[in-house]
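Observations on the model geometry
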Amino acid sequence: MTSLKKDAKIALLRGINVGGHNRLAMSDLRDLCEQIGFGKVRTYIQSGNILLNSDVSDSKLAEQLREELDRQLKLDVPVVVVAARELQKAVQQNPWPDRESEALHMAVLSAKPKSKLIQALRDSPKLNLQGEAWECVGRFIFLDCPKGVAKSKLTNPLFEKHLEVTSTARNWKTIHKLLELSLA
């Protein structure tokens, strides 16, 4: 894969345009990001995926975007930002490169969780995955959900509660498309 620009970022909003909730036109989202001052703003599909250029840190950008979404559009939604370069490196660390891509997803976390929290979740007797699997690599969680994510126990609230971070997940196809668009 080609090298990405240093300031290429991907902002992921959770829970946008899902089941009729948190309705947001992508044109409004692009306008908001441009008003804030982000460069080369683009969106991908209707679920709150934003590609932009910014020298602002990932955490500060996420905070700024979340505050403006709430202030201007009255939407209180979690936002996670990742540098495109960091996401590219994470994708290359996929622990299951031979598994079907339809079953693979990636949760992007707001920060790298503490290893003791990861281990406690892994050891939890309540987490009976029945064919599902997860691996945490840095601030990314690789998910293998062969039966789909709709009924999966591997949810954003689970990771947020146990790992004490903000989490939002995308399917493998979307992750790859966001990287491809980051090159454009």
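Residues numbered from 1 in each chain as written. Predicted model: local features only at pLDDT ≥ 70, side-chain atom pairs only at ≥ 80, totals over all residues. Heavy atoms only, no water.

1. A word on the overall build of the protein
Note the following rule: Helix and strand assignments follow DSSP, with helices taken as H or I runs no shorter than four residues and strands as E runs no shorter than two, numbered in order from the N terminus. All radius of gyration figures rest on C-alpha atoms, and the globule criterion is 2.2 Å times the number of residues raised to 0.38.
Helix and strand counts for the protein stand at six helices and eight strands. Its helices and strands taken in sequence order, the protein reads β-α-β-β-α-β-α-β-α-β-β-α-β-α from the N to the C terminus. Taken over C-alpha atoms, the radius of gyration comes to 16 Å for the protein, in line with the 16 Å a tight globule of 184 residues would show. Principal-axis analysis of the C-alpha atoms places the extent of the protein at approximately 45 × 35 × 30 Å.

2. Details of helix α6 (residues 172–183)
Under the convention used in this document: By definition here, a helix of n residues has an expected span of 1.5 Å times n minus one. Three labels apply to residues, based on accessible area from a 1.4 Å probe with only protein chains included: buried if under 20% of the type maximum, exposed if over 50%, partly exposed otherwise in between. N or O atoms closer than or at 3.5 Å make up a polar contact, with two conditions inside protein: a donor-capable atom paired with an acceptor-capable one, and, for residues adjacent in sequence, both atoms drawn from side chains.
Its twelve residues give α6 an end-to-end C-alpha distance of 17 Å, which sits within 8% of 16 Å, the value for a rise of 1.5 Å per residue. What α6 keeps buried is the set W172, T174, I175, L178, L179 and S182. In this structure N171 caps α6, since a side-chain oxygen of it lies 3.1 Å from the backbone nitrogen of K173.

3. Considering the packing of aromatic side chains
The condition is simple: Stacked, tilted and edge-to-face are the three classes assigned to paired rings of Phe, Tyr and Trp, where Trp is represented by its six-membered ring and a pair needs centres within 6.5 Å; plane angles under 30 degrees give stacked, over 60 edge-to-face, the rest tilted. We call a charge positioned over a ring when the NZ of a Lys or the CZ of an Arg lies within 6 Å of the ring centre and within 35 degrees of the ring normal.
Overall, the coordinates contain two aromatic pairs when judged by the stated rule. Between the aromatic rings of F142 and W172, the centroid separation amounts to 6.0 Å while the plane-to-plane angle is 55°, which identifies the pairing as tilted. Placement of F142 in strand β7 (residues 140–144) and of W172 in helix α6 is noted, with a sequence separation of 30 residues between them. W172 shares its class with F142; the two are buried. One cation-aromatic arrangement involves R122 over W134; the distance from NZ or CZ to the ring centre is 4.1 Å.

4. Here we look at the pairing of strand β6 (residues 133–137)
In the case of a regular strand, side chains alternate between the two sheet surfaces. Quick note on the threshold: Strand pairing is assigned whenever DSSP detects at least two bridges linking the two strands.
As judged from the five bridges shared by β6 and β7, these two strands associate in the antiparallel manner. The residue of β7 that forms the bridge with E135 is F142. As consecutive antiparallel partners, β6 and β7 are separated by two residues, and within that stretch G138 has a phi angle of approximately 65°, a positive value.

5. Notes on the state of the cysteines
As a reminder, the rule being used: Count a disulfide wherever a pair of cysteine sulfur atoms falls within 2.5 Å.
One pass over the full model with this rule turns up zero disulfides. Cysteine C145 shares no disulfide, and the gap to the nearest cysteine sulfur, in C136, comes to 15 Å. With relative accessibility at 1%, the residue C145 sits in the buried group.

6. So, the side chain of T168
Quick note on the threshold: By definition, residues are in contact when any of their heavy atoms lie within 4.5 Å.
The topology assignment puts T168 in strand β8 (residues 167–171). Setting aside chain neighbours within four positions, we find T168 in contact with L12, L13, R14, V80, M106, A107, V108 and N156.

7. Things to note about the sheet that holds β7
As a reminder, the rule being used: To get an axis, a line is fitted to the C-alpha atoms, and for a helix only the part in contact is used. The angle between two axes follows their N-to-C directions and goes from 0 to 180 degrees.
Read across the open sheet, the four strands follow the order β6-β7-β5-β8; overall the sheet is antiparallel. With one partner strand each, in any of the chains shown, β6 and β8 form the two edges of the open sheet. Taken over all neighbouring pairs, the strand axes of this sheet differ in orientation by 20° on average, direction set aside. Packing against the sheet, helix α3 (residues 84–91) makes contact with β5 (104–109) and β7, and its axis sits at approximately 40° to β7. Against the sheet, α6 touches β5, β7 and β8, its axis set at about 90° to β8.

8. Topic: the nonpolar core
Quick reminder of the rule: Take the buried Ala, Val, Leu, Ile, Met, Phe, Trp, Tyr and Cys residues and link them wherever side-chain atoms come within 4.5 Å; each set so joined is a nonpolar core.
In this structure, I10, L87, M106, V108 and F140 are the most contacted members of the largest nonpolar core, which totals 22 residues. For this core, the secondary structure elements donating two or more residues are β1 (8–13), β4 (79–83), α3, β5, β7 and α6. Once you skip the residues sitting within four places of it in the chain, M106 turns out to touch L87, A90, V91, F140, I141, F142, T168, A169, R170, W172 and I175.

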